[in-house]
Amino acid sequence: QMAEQARSGVYPTRLTLPHQQGFNIVETSSIIWIEADGNYSLIRMDGGKQLLVTRAIREFEFLLDPTKFFRSHKSALVNLGKVREYSSDDGHNVIMSNGDKAPVSRRKLDEFMSVIDSLSRRV
């Protein structure tokens, strides 16, 4: 169902995320980044909110708009609009709007840089 929706080219602006007691509805624009944790995903959002969801990160990669979300690493899917800084100081990382460090894998680095260049003018 998730993949079907993504194939249609229509990306949701809201997600209904199940948890043990029910579900949360979140605006995709409020997602800062998603961290893989095995078959779970930890969704980090604006306002310090975090949700652990029983879905693999690849499902979110298919579901979220690829012009807004970038799979920077096997364990990270970042909201490009919330990237604040890149540093190669300690591996390759992006600093997100909430101060978190999200990893960028070496093989995704060139693609990541060109995506950033398409969104933000390098000075």
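Note: the structure precedes this text.
Residue numbers here run from 1 along each chain, matching the order of that chain's written sequence. Selection of residues for local features in this predicted model requires a pLDDT of at least 70, selection of side-chain atom pairs for listing and counting requires 80 or more, and totals for whole chains, interfaces and linings are taken over all residues. Heavy atoms throughout the structure, all of them, feed into the side-chain values; hydrogens and water do not.

Caption draft 1: Examining the packing of aromatic side chains more closely. Each Phe, Tyr or Trp ring, with Trp reduced to its six-membered ring, pairs with another whose centre is within 6.5 Å; inter-plane angles below 30 degrees give stacked pairs, above 60 give edge-to-face pairs, and intermediate values give tilted ones. In total, this model carries one aromatic pair according to the counting rule given. Charge over a ring is defined by NZ of Lys or CZ of Arg lying within 6 Å of the ring centre and within 35 degrees of the ring normal. Taking NZ or CZ as reference, lysine 108 lies 5.4 Å from the ring centre of phenylalanine 70, over its face.

Caption draft 2: Just the nonpolar core, in detail. Grouped together as the largest cluster of nonpolar side chains are 15 residues, with contacts concentrated most on Leu15, Leu17, Ile31, Ile34, Ile43 and Phe60. Looking at this core, the elements with two or more residues in it are β1 (14-19), β3 (31-37), β4 (40-45), β5 (50-53) and α2 (57-63). Each helix is a run of DSSP H or I of at least 4 residues and each strand a run of E of at least 2, with the numbering of both proceeding from the N terminus. For this core, the element with the highest residue contribution is α2, accounting for three residues. Any two residues whose heavy atoms approach within 4.5 Å at even a single point are treated as in contact. Beyond its immediate stretch of four places on either side in the chain, leucine 17 contacts Gly22, Phe23, Asn24, Val26, Ile43, Leu51, Val53 and Phe60. By nonpolar core is meant a set of buried Ala, Val, Leu, Ile, Met, Phe, Trp, Tyr and Cys residues that side-chain atoms within 4.5 Å join together. Residue exposure (1.4 Å probe, protein chains only): buried if accessible area is under 20% of the type maximum, exposed if over 50%, otherwise partly exposed. The next biggest cluster of nonpolar side chains, apart from the first, holds 14 residues, and it includes Ile32, Phe70, Ala76 and Leu109.

Caption draft 3: Main features of the pattern of salt bridges. Note on definitions: salt bridges are taken to be side-chain nitrogens of Lys or Arg within 4 Å of carboxyl oxygens of Asp or Glu. In total, this model carries nine salt bridges according to the counting rule given. When the shortest N-O distance is used, the salt bridge between lysine 82 and aspartate 46 registers 2.8 Å. Of the two residues, lysine 82 sits in the loop between β7 (76-79) and β8 (83-87) while aspartate 46 sits in the loop between β4 and β5, which places them 36 residues apart along the sequence. On the basis of relative accessible area, lysine 82 is assigned to the buried category, the value being 14%. Ionic pairing is found between arginine 122 and aspartate 117, a salt bridge with its closest N-O pair at 2.8 Å. By relative accessible area, aspartate 117 is classed as partly exposed at 38%. Each member of the salt-bridge network shares a partner with another, and the members are Glu35, Arg44 and Asp100.

Caption draft 4: Geometry of the environment of isoleucine 116. Among the structural elements, isoleucine 116 can be located in helix α3 (residues 109-119). Through-space distance from the C-alpha of isoleucine 116 to that of isoleucine 57 is 21 Å; in sequence the pair is 59 residues apart. The residues contacting isoleucine 116, other than those within four sequence positions of it, are Leu80 and Val83.

Caption draft 5: Quick look at the pairing of β4. Judged by how many residues are buried, β4 sits mostly within the fold: five of six residues are covered. Of the pairings in the sheet, the one linking β4 to β5 comprises four bridges and is antiparallel in character. Looking at β5, one finds that leucine 42 is bridged to leucine 52. Should DSSP find at least two bridges between two strands, the strands are taken to pair. Hairpin connection from β4 to β5: four residues lie between these consecutive antiparallel strands, with glycine 47 at a positive phi of about 80°.

Caption draft 6: Structural context of the sheet that holds β5. What the five strands build is an open sheet, ordered β5-β4-β3-β7-β6; its pairing is antiparallel. The sheet is open, and its two borders are formed by β5 and β6 (69-73), each paired with just one other strand. Taken over all neighbouring pairs, the strand axes of this sheet differ in orientation by 20° on average, direction set aside. Inspection of the sheet shows β3 paired to β4 by six bridges, in the antiparallel sense. Bridge pairing in β4 places isoleucine 34 opposite isoleucine 43. Axis definition: a line fit to C-alpha positions, over the contact stretch in the case of helices; interaxial angles, taken between N-to-C directions, run 0 to 180 degrees.

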